[in-house]
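Per-entry structural report
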Amino acid sequence: MTYSIPFNKPPYTGNEEQYLLNAVRSEKISGDGFYGRKCQAWFEKFLGCPKALLTPSCTHALEMAAFLIGIQPGDEVIMPSYTFVSTANAFVLRGAKIVFVDIRPDTMNIDESLVEQAITSKTRAIVPVHYAGVGCDMDAIMDIADRYGLFVVEDAAQAMMSRYKNRHLGTIGHIGAYSFHETKNYTSGGEGGLLIINDKQFSERAEIIREKGTNRSQFFRGMVDKYSWVDIGSSYLPSELQAAYLWGQLEKAEEINTSRLQIWQRYYEAFNYLEDRKLLALPNIPQGCVHNAHMFYLKTKDLSERNALIEHLKKDKIMAVFHYIPLHSAAAGKKFSRFNGVDKYTTLESERLLRLPMYFGMTEGEVGRVITSVNAFYEI
Ligand SMILES: *Cc1c(COP(=O)(O)O)cnc(C)c1O
């Protein structure tokens, strides 16, 4: 099956090629070179955080977060089950037990009102996931974390450019993580991520863990005269080629965001009528949240209607996808987690959700064809 409208195209602005070539010709293509430092400085200014470190993926940034907050075997970490595997795996790798709580049907984000009752004496952290780049209720989550002395690690993989009460998502918890995978709004050449340090106590150790457990970053800044093994660590640096690609996108960050929001808005307005007639449900953006149009999803009546709509779109050569088999129902989930409370919405809502094509550079004609096809399915 070849689709004429794919689900995703990696964002590409045109300048990436030149920056990649510059990096190659500079003969310095390992991590934290000219473009790597440029990207990190850009993020520290843009986000207003004490430290931003590029990583090879968001998965790696989350693993670093688990190291930094000192997760030990037996510790519990609270998160939604409706998320990507890395949200959980990063903590499972350190020996944590994952405690899932249900989501809110309006945003598909963790239900903040269910977090407190999932806390035990073993709980160490809460990991909110900002699904579709729409913020979780961070005031409520930070309040619970403060009262119980817990860390908050924001999985903001999908949320670059999004805000909650005028603060960037990823900068509210102690640590945040972005993804630059090719399916996200910005990519560093297919794979990549960012570790966002908001609590200064983690800045120095984050650099050490990322540099194989050495103080090489301090050495490069001239702070120590030789570098050596000082802590546990791994290799969490992306190459200069990834950073060069990303720089082409950071320069156009606003342009990419504006263009995505226009596409999202067009879908939203077109399908309002179907929602009014209760034929489907559309995403909700809560008060105080500014989103980044990471995805456009709609929710059908049930699983079988979703499958029928996918088939219908496929006949029109349009690719639409769903995702996240809830983690608690997956094989590994059964081993490493428990679901606290009742799964009222996680499974039910995940089975209704369908993501429509959405990418930077998607033409008006393409958006129009998707809308026409969905309308035809509902016979209007
Ligand atoms: C994409 C994604 C990740 C993983 O990002 P990678 O950069 O591919 O490691 C983690 N969490 C969520 C919510 C994601 O959407």
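Provided above is the structure to which this section pertains.
What comes next is a walk through the structure.

1. Side note on the site of the ligand
In the vicinity of the ligand lie 15 residues, with Thr59, Asp155, Gln158, Ser179 and Lys184 positioned nearest. Here a nitrogen atom of the ligand sits 2.8 Å away from a polar atom, N or O, in the side chain of Asp155. Tyr324 places a side-chain nitrogen or oxygen 3.4 Å from an oxygen atom of the ligand. Coverage of the ligand by the protein chains reaches 94% of its 380 Å² of free accessible surface. Taken together, the residues that form the shell around the ligand break down as five nonpolar, eight polar and two charged.

2. Focus: the sheet that holds strand E1 (residues 51–55)
Read from one edge of the open sheet, eight strands run E1-E9-E8-E5-E4-E2-E3-E12, paired in mixed fashion. Pairing within the sheet leaves two strands with one partner each, and these edge strands are E1 and strand E12 (337–339). Looking at each pair of strands side by side, their axes are set apart by 25 degrees on average, direction ignored. Summarising the sheet, strand E2 (residues 76–80) and strand E4 (residues 123–126) pair through three bridges and their orientation is parallel. Opposite Val77, over in E4, you have Ala125 as the bridge partner. Packing against the sheet, helix H2 (residues 34–47) makes contact with E1, strand E8 (175–179) and strand E9 (193–197), and its axis sits at approximately 140 degrees to E1.

3. With respect to the pairing of E9
Counting buried residues along E9, five of its five residues qualify, which places the element largely inside the surrounding structure. Here E9 shows a buried face lined by Gly193, Leu195 and Ile197 and a second buried face lined by Leu194 and Ile196. Relative to E9, E1 runs antiparallel, the two being bridged by five bridges. Each residue of the ladder has a partner; that of Ala52, found in E9, is Ile196. Bridge count for E8 against E9 is five bridges, and the pairing is antiparallel. When the sheet's bridge partners are listed, Ile175 is paired in E9 with Ile197.

4. Observations regarding the pairing of strand E3 (residues 97–101)
Across the five residues of E3, four count as buried, placing the element largely inside the fold. Where E2 lies against E3, five bridges are found, and the strand directions are parallel. When the sheet's bridge partners are listed, Val77 is paired in E3 with Ile98. Regarding topology, helix H4 (residues 85–92) serves as the crossover connection from E2 to the parallel E3, and that connection is right-handed.

Each value, and the rule that gives it
- Residues numbered from 1 in each chain as written.
- Predicted model: local features only at pLDDT ≥ 70, side-chain atom pairs only at ≥ 80, totals over all residues.
- Heavy atoms only, no water.
- Near = heavy atom within 4 Å.
- Polar contact = N/O pair within 3.5 Å; in protein donor to acceptor, adjacent residues only side chain to side chain.
- Areas by Shrake-Rupley, 256 points an atom, 1.4 Å probe, with all protein chains shown as cover.
- Nonpolar A, V, L, I, M, F, W, Y, C, P; charged D, E, K, R; others polar.
- Pairing = 2+ DSSP bridges.
- Helix = DSSP H or I, 4+ residues; strand = E, 2+ residues; numbered from the N terminus.
- Axes fitted to C-alpha atoms, helices over the stretch in contact; angles between N-to-C directions.
- Contact = heavy atoms within 4.5 Å.
- Buried < 20%, exposed > 50% of the residue type's maximum accessible area, 1.4 Å probe, protein only.
- Right-handed = clockwise from strand over helix to strand, strands pointing away.

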